[in-house]
Amino acid sequence: LLLIQATNEITLSQYPYLQTSHLLMLTSSLEAIYNWSYSLSIRVYLQDTLAKINMADLIKKMELASIGSYLRIMFRMYAENPGDRRTQAELRLIRRCYDITAEYAKATDAHTPATANKLTIVVQILQGYNAFEQE
């Protein structure tokens, strides 16, 4: 979690000074953490084991923190005037946002903690969309 927080803080505070390639490396690491933690959280057979060793909550926090940071950075890159950063962010952002919202839409029980956690990310996506200029 500290790595995710540090990556987020460094990226957002030093954003104007970072090259696009550096931003993409940082977001790739956040995406890798998200993919790993998400893959663990959806495996039903691991749920009991993770709960027994008190790792389920930590993994869920890692999942939410990493995707939240990833989306903040990508939306910021996309918000720039047309250019390299916007182009680089566009496909990654659209793909990831589609995956998350589609998964949320397929959720069968809106009252589970996992669905409630996804709702915070879906709200972040909708706020990001709302911040776009009309094109």
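Preceding block: the structure.
As the structure is a prediction and not an experimental result, all values here were calculated from the model.

**Focus on the overall build of the chain**
When you go through the chain residue by residue, the secondary structure sums to six helices and zero strands. Ordering the α and β elements of the chain from the N terminus gives α-α-α-α-α-α. What you see for the chain is a C-alpha radius of gyration of 16 Å, in line with the 14 Å of a compact globule of 135 residues. Taken over 135 residues, the chain has a buried fraction of 36%.

**Details of the side chain of E31**
Within the element layout of this structure, E31 appears in helix 2 (residues 20-41). Excluding its chain neighbours within four sequence positions, the residues that come into contact with E31 are Y70, R95 and R96.

**What to know about the side chain of E63**
Within the secondary structure layout, E63 lies in helix 4 (residues 56-79). Leaving out residues up to four positions away in the same chain, E63 has contacts with Y34, S37, Y38, S41 and K118.

**A few points about the nonpolar core**
Within the largest apolar cluster, 24 residues are counted, with the highest numbers of intra-cluster contacts made by I67, L71, M74, M77, L93 and I100. Breaking this core down by element, the ones donating at least two residues are helix 2, helix 4, helix 5 (84-106) and helix 6 (113-131). With nine residues, the single largest contributor to this core is helix 4. Not counting chain neighbours up to four residues away, the residues in contact with L93 comprise L71, M74, F75, Y78 and F132.

**Remarks on the packing of aromatic side chains**
Across all of its chains, the model carries two aromatic pairs by this definition. Ring geometry for Y34 and Y38: centres 5.7 Å apart, planes at 20°, overall stacked. With Y34 and Y38 both in helix 2 and four residues apart, the pair spans about one turn of that helix. Relative to Y129, the ring of F75 lies with its centre 6.1 Å away and its plane at 85°, an arrangement referred to as edge-to-face. Of this pair, F75 sits in helix 4 while Y129 sits in helix 6, placing them 54 residues apart in sequence. Residue classification places Y129 among the partly exposed residues on the basis of a relative accessible area of 36%. Stacked on the ring of Y15, the Lys or Arg R85 has its end atom at 4.7 Å from the ring centre.

Rules behind the numbers
- Residues numbered from 1 in each chain as written.
- Predicted model: local features only at pLDDT ≥ 70, side-chain atom pairs only at ≥ 80, totals over all residues.
- Heavy atoms only, no water.
- Helix = DSSP H or I, 4+ residues; strand = E, 2+ residues; numbered from the N terminus.
- Rg over C-alpha atoms; globule rule 2.2 N^0.38 Å.
- Buried < 20%, exposed > 50% of the residue type's maximum accessible area, 1.4 Å probe, protein only.
- Contact = heavy atoms within 4.5 Å.
- Core = buried A, V, L, I, M, F, W, Y, C linked by side-chain atoms within 4.5 Å.
- Phe/Tyr/Trp six-rings, centres within 6.5 Å; stacked < 30°, edge-to-face > 60°.
- Lys NZ or Arg CZ within 6 Å of the ring centre and 35° of its normal.

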